Amino acid sequence: MSQQAITPELCDWIAEQSRAGHPSQNILAAMLGSGWDEAIARQALARTLGQSATLTAPAGATPGLPEPDLSRFAPVLDAGDRPVKVVMALRQPRVVVFADLLSGEECDGIIALATQRLSRSETVATGGDGSEVNAARTSDGMFFERGETALIQRVEGRIAALLRWPLDHGEGLQVLRYSPGAEYQPHYDYFDPAHASTANILRRGGQRVGTLVIYLNTPAAGGSTIFPDIGLDVAPVKGNAVFFSYDRPHPATQTLHGGSPVVEGEKWVATKWLRQGVFN
Ligand code: PD2
Ligand code: ZN
């Protein structure tokens, strides 16, 4: 789009979207999706709705980020119904590796529940709404509803306590199974503000602000979760998990991450994505 200008028509459209209940973050995402320059879009939002409109959180969002309580350097944290060990913590970007978040039986139980419902994993479609099969992600996957079974409920309650983030701000757990050779190429978990489908996705709970990948088994070789920007490889060990958070949908968060190819055996993970607001 060339010659972008803040016209009265544009301001009317922004005001109309706001009156219809769309958070300013979503309006901004829609403008970026249709080719508006970000600086001009933010200026137009600020001019129409006031400066605070360009801040990112949706109505009802919880301020801050999910974050375990590492303030006392306690090597074992109380996650409500289970003590969870801290293996390592990086401050910038925030990455924390936990051990024994789930028991062996809990891992096996989730795999058993998921097995019957696996299908080839999809990612957010590049062309519009919905999702599509993507060569960058060669695993099989499924989603649980939040609270779908007593086991899922227990695990979700534990995650909420550990990361001090409301249970209803979490998406349903996603389970992935990687066969030998399967991988998940490096990506960001936040929704790209420039993507056409993002405004729609953000209506439900706002942006993702944190990810917890839980390892449900220990593959014989390969399958580590990699963070290329910071040179970190996290080994997939049954019951352990890696958590990372991101305060804005931008590569500057250094949260690029991927699942390296499995070399031998299978790899199973359960991922919990955390949103800014209530995800229903
Ligand atoms: O399985 C993994 O290691 C992995 C890597 C990157 C999972 C995800 N992303 C994810 O579920 O978002
Ligand atoms: Zn990811």
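Structure: see above.
Everything numeric in this text was worked out from a predicted model, so none of it was measured.

Participant: Hey, could you run me through the coordination of the zinc ion (ligand 2) in this one?
Facilitator: Tetrahedral coordination by four donors puts the ideal angle at the metal at 109.5 degrees, and octahedral coordination by six puts it at 90 or 180 degrees. Only His187 (NE2), Asp189 (OD) and His257 (NE2) from the protein reach the zinc ion (ligand 2) as donors, at distances of 2.1 to 2.3 Å. Of note, the zinc ion (ligand 2) draws all its donor residues from one chain, in the sequence arrangement H-x1-D-x67-H. Placement of His187 in strand E9 (residues 184-187) and of His257 in strand E15 (residues 257-259) is noted, with a sequence separation of 70 residues between them. The same class applies to His187 as to His257, namely buried.

Participant: Explain the pattern of salt bridges to me, please; I cannot follow it from the model alone.
Facilitator: Summed over the entire model, instances satisfying the criterion amount to 12 salt bridges. Between Glu156 and Lys272 there is a salt bridge, with its nearest N and O atoms 3.0 Å apart. Taken together, the residues span a long stretch of sequence, with Glu156 in helix H5 (residues 150-163) and Lys272 in strand E17 (residues 267-275) at a distance of 116 residues. Comparing Glu156 with Lys272 shows no difference in burial state: the two are buried. Where Glu171 meets Arg275, a salt bridge forms, and the shortest distance between an N and an O atom there is 2.7 Å. One end of the pair, Glu171, is in the loop between H5 and strand E8 (174-178); the other, Arg275, is in strand E17, and 104 residues separate them in sequence. Comparing Glu171 with Arg275, the two get one shared label, buried. One salt-bridge network, held together by shared partners, links Asp81, Glu106, Arg154 and Arg158.

Participant: Looking at this structure, I do not really get the site of ligand 1. What am I missing?
Facilitator: Taken together, 13 residues sit near ligand 1, with Tyr178, Thr225, His257, Lys267 and Thr271 positioned nearest. Contact between ligand 1 and Thr225: an oxygen atom at 2.6 Å from a side-chain N or O atom of the residue. Between His257 and ligand 1, the recorded distance is 3.1 Å, taken from a side-chain N or O atom to a nitrogen atom. Here ligand 1 loses 100% of its free accessible area of 310 Å² to cover by the protein chains. Among the cavities detected, the one that contains ligand 1 is the largest cavity. Looking at the shell around ligand 1, the elements that each hand over two or more residues are E8, E9, E15 and E17. Looking at the shell around ligand 1 element by element, the count peaks at 4 residues for E17.

Participant: How do you make sense of the sheet that holds strand E7 (residues 140-143) when you look at a structure like this?
Facilitator: Across a sheet, strands are paired by hydrogen bonds formed along the backbone, either parallel or antiparallel in direction. Strand order in the open sheet formed by 9 strands is E1-E2-E3-E14-E10-E17-E8-E7-E4, with antiparallel pairing between adjacent strands. What marks the edges here is a single partner per strand, and that holds for strand E1 (76-78) and strand E4 (119-120). In terms of strand pairing, strand E10 (residues 208-215) meets E17 through 7 bridges, oriented antiparallel. Directly across from Gly210, in E17, lies its bridge partner Leu274. Sitting on the sheet, helix H4 (residues 104-115) touches E7, E8, E10 and E17, and the angle it makes with E17 is about 90 degrees.

What counts and what doesn't
- Note on numbering: residues in each chain are counted from 1, in written sequence order.
- For this description, chains carry letters from A and ligands carry numbers from 1, given in the order in which they are written.
- Reporting of local features is limited, given that this is a predicted model, to residues whose pLDDT is at least 70; pairs of side-chain atoms are given and counted only at 80 or more, and all residues count toward the totals for whole chains, interfaces and linings.
- Remark: hydrogens and water are excluded; side-chain values derive from all non-hydrogen atoms of the structure.
- Any N, O or S atom lying within 2.8 Å of the metal counts as a donor, and for Na, K and Ca the limit rises to 3.2 Å; water is left out, so some sites can look incomplete.
- Here a helix means four or more residues in a row that DSSP labels H or I, a strand means two or more in a row labelled E, and each is numbered from the N terminus.
- When a residue's accessible area, from a 1.4 Å probe over protein chains only, is under 20% of the maximum for its type it is buried; when over 50% it is exposed; and in between it is partly exposed.
- The working definition used for a salt bridge is a side-chain nitrogen of Lys or Arg within 4 Å of a carboxyl oxygen of Asp or Glu.
- Each residue is tested against the molecule or strand, and it is near if at least one of its non-hydrogen atoms lies within 4 Å.
- For this analysis, a polar contact is any N or O atom pair within 3.5 Å, provided that within protein one partner can donate a hydrogen and the other can accept it, and provided that sequence-adjacent residues contribute only side-chain to side-chain pairs.
- Residue exposure ignores everything except the shown protein chains as possible cover, and the areas themselves are Shrake-Rupley values with a 1.4 Å probe.
- With a 1 Å grid spanning the protein atoms alone, the term cavity applies to any set of points in which a 1.4 Å probe fits but cannot get out, the term pocket to an open set with protein on both sides within 12 Å along at least five of seven lines, and the term lining residue to any residue with an atom within 4 Å of a point.
- A molecule is said to be in a cavity or pocket once over half of its atoms fall within 2 Å of that pocket's grid points.
- For two strands to be treated as a pair, DSSP must find at least two bridges joining them.
- The contact rule is simple, with two residues in contact once any of their heavy atoms fall within 4.5 Å.
- Orientation is described by lines fitted to C-alpha atoms, with helices fitted over the stretch in contact, and by angles between N-to-C directions that extend from 0 to 180 degrees.

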